[in-house]
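Now for the letters of each chain:
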Amino acid sequence: VDDNLECSLQAQGSVLSKIWGATLYHRDDLKTPVSGLQDVFTPWKDVVESSCTIRDCLPCPRAKELGEVPAGLRKLAEDGVPSLEALGFSDEEIRTVEHPDERRVLSFVGGEDAALARVEEYIWREDCLRQYF
């Protein structure tokens, strides 16, 4: 998927930049190599919390410190998000997204509103944090 996305973006004059985003910890602060991290949250949490500290936040950028919006992003804002077809996904890959595996644990929905609703449900209504702490 990443390769197809990267090729499609390059064709449109944009570049895909991959960043570490699997945790709130900086990868250089992890005592376990990234390849050795658990995919399941609780064992990962136990290892990381016992051996790492969280770095201080970076300061917020000031007005105009970030420079101009790149042309590729300006075009995306004007044209809208490209379709999966335009990003180079096959019909089979698109069907997989449109009809997710019924064995999945949750039906994930994108966007900030859905994320905030899931946090509300998980922490407050279902009280799921109780089992981790």
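Everything below is about the structure shown above.
Read on for an overview of the structure.

Attention now moves to unusual backbone geometry. Notably, Lys 64 is not glycine yet its phi reads approximately 70°, a positive angle. Position of Lys 64 among the secondary structure elements: in the loop between helix H2 (41-51) and helix H3 (71-79). Backbone geometry at Asp 127 places phi at a positive 55°, although glycine is not the residue there. Mapped onto the secondary structure, Asp 127 falls in the segment after helix H5 (112-125). You can call Asp 127 partly exposed: its relative accessible area is 31%.

Let us look at the side chain of Ser 8. When you line up the elements, Ser 8 lands in helix H1 (residues 2-11). Ignoring anything within four residues of it in the chain, the contact list for Ser 8 reads Ala 86, Leu 87 and Gly 88.

Turning to the environment of Glu 126, a few remarks are in order. Looking at the element boundaries, Glu 126 is found in the segment after H5. For Glu 126, a relative accessible area of 41% gives the class partly exposed. Between the C-alpha atoms of Glu 126 and Val 105, which are 21 residues apart in sequence, the distance is 15 Å. Setting aside residues up to four positions removed in sequence, Glu 126 forms contacts with Arg 118 and Glu 121.

What counts as what
- Residues numbered from 1 in each chain as written.
- Predicted model: local features only at pLDDT ≥ 70, side-chain atom pairs only at ≥ 80, totals over all residues.
- Heavy atoms only, no water.
- Helix = DSSP H or I, 4+ residues; strand = E, 2+ residues; numbered from the N terminus.
- Buried < 20%, exposed > 50% of the residue type's maximum accessible area, 1.4 Å probe, protein only.
- Contact = heavy atoms within 4.5 Å.

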